[in-house]
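Coordinates in review
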Amino acid sequence: TPWERKLWHEFLKGYPVRFQRQKAIDNFVVDFYCAKARMIIELDGGGHFNKEKQRHDTERSKILNSYHLTILRFSNLDIDKNFDGVAAHTQRSNEISLCPNSGQPVSEAAKSTLDVILLSGFKPPSDEGGGLKGRRERKCSDIIKRILK
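Not measured: the values here are computed from a predicted model.

1. Thoughts on the sheet that holds strand β4 (residues 70-75)
Strand order in the open sheet made by the four strands is β1-β2-β3-β4, with mixed pairing throughout. Both edges of this open sheet fall to β1 (20-25) and β4, since each of them pairs with a single strand only. Geometrically, the sheet is characterised by an average inter-axis angle of 45 degrees between neighbouring strands, direction not taken into account. Pairing analysis gives five bridges linking β1 to strand β2 (residues 28-34), with the strands arranged antiparallel. Looking at the pairing, I25 lines up with F28 of β2. Across the sheet, helix α2 (residues 51-65) lies against β1, β2, β3 (39-44) and β4, angled at about 55 degrees from β2, the strand it touches most. Contacting β2, β3 and β4, helix α4 (residues 83-97) runs over the sheet at an angle of about 175 degrees to β4.

2. Side note on the pairing of β2
Here β2 lies mainly inside the structure; six of its seven residues are buried. Connecting β1 to the antiparallel partner β2 that follows it, the hairpin turn spans two residues, and D26 within it adopts a positive phi of roughly 60 degrees. Relative to β3, β2 runs antiparallel, the two being bridged by three bridges. Counted as the bridge partner of C34 is M39 from β3. The hairpin turn running from β2 into β3, its antiparallel successor, is four residues long, and R38 in that turn takes a positive phi close to 55 degrees.

3. Some details on the environment of N94
With respect to the element layout, N94 can be found in helix α4. Counting along the chain gives 57 residues from N94 to A37, while the straight-line C-alpha distance between them is 6.0 Å.

Calculation criteria
Residues numbered from 1 in each chain as written. Predicted model: local features only at pLDDT ≥ 70, side-chain atom pairs only at ≥ 80, totals over all residues. Heavy atoms only, no water. Pairing = 2+ DSSP bridges. Helix = DSSP H or I, 4+ residues; strand = E, 2+ residues; numbered from the N terminus. Axes fitted to C-alpha atoms, helices over the stretch in contact; angles between N-to-C directions. Contact = heavy atoms within 4.5 Å. Buried < 20%, exposed > 50% of the residue type's maximum accessible area, 1.4 Å probe, protein only.

In structure tokens:
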């Protein structure tokens, strides 16, 4: 779709951690998939907002979640009206997914991936006024800083 192309060409294609487009998982094809972060990004058009499609999306999400995958859902309107917020939320969610769980050692792969994201100078489009930085994100930022010391 035009919204998938925009997200791919203006953000995910140049992202330091590899995303795949139209990835088959189980019996589904997801819009975007990042294996390192175990993250799926789905863009929903107007058809996803009727009751039947919502039930289908809920069942699909349950199955995908059973593989311990994080699913980010954005509407096409989000891409049109708040692209910078979508990119910033995706960036933060990716960093959180790559953070170690409390009490577990950091894998070299996770540290390497965080190094690539944080030290490459990669920045998502600005998130002015987005208000996405919550307690979980701040905690993750602290963990990332400790990892990189």
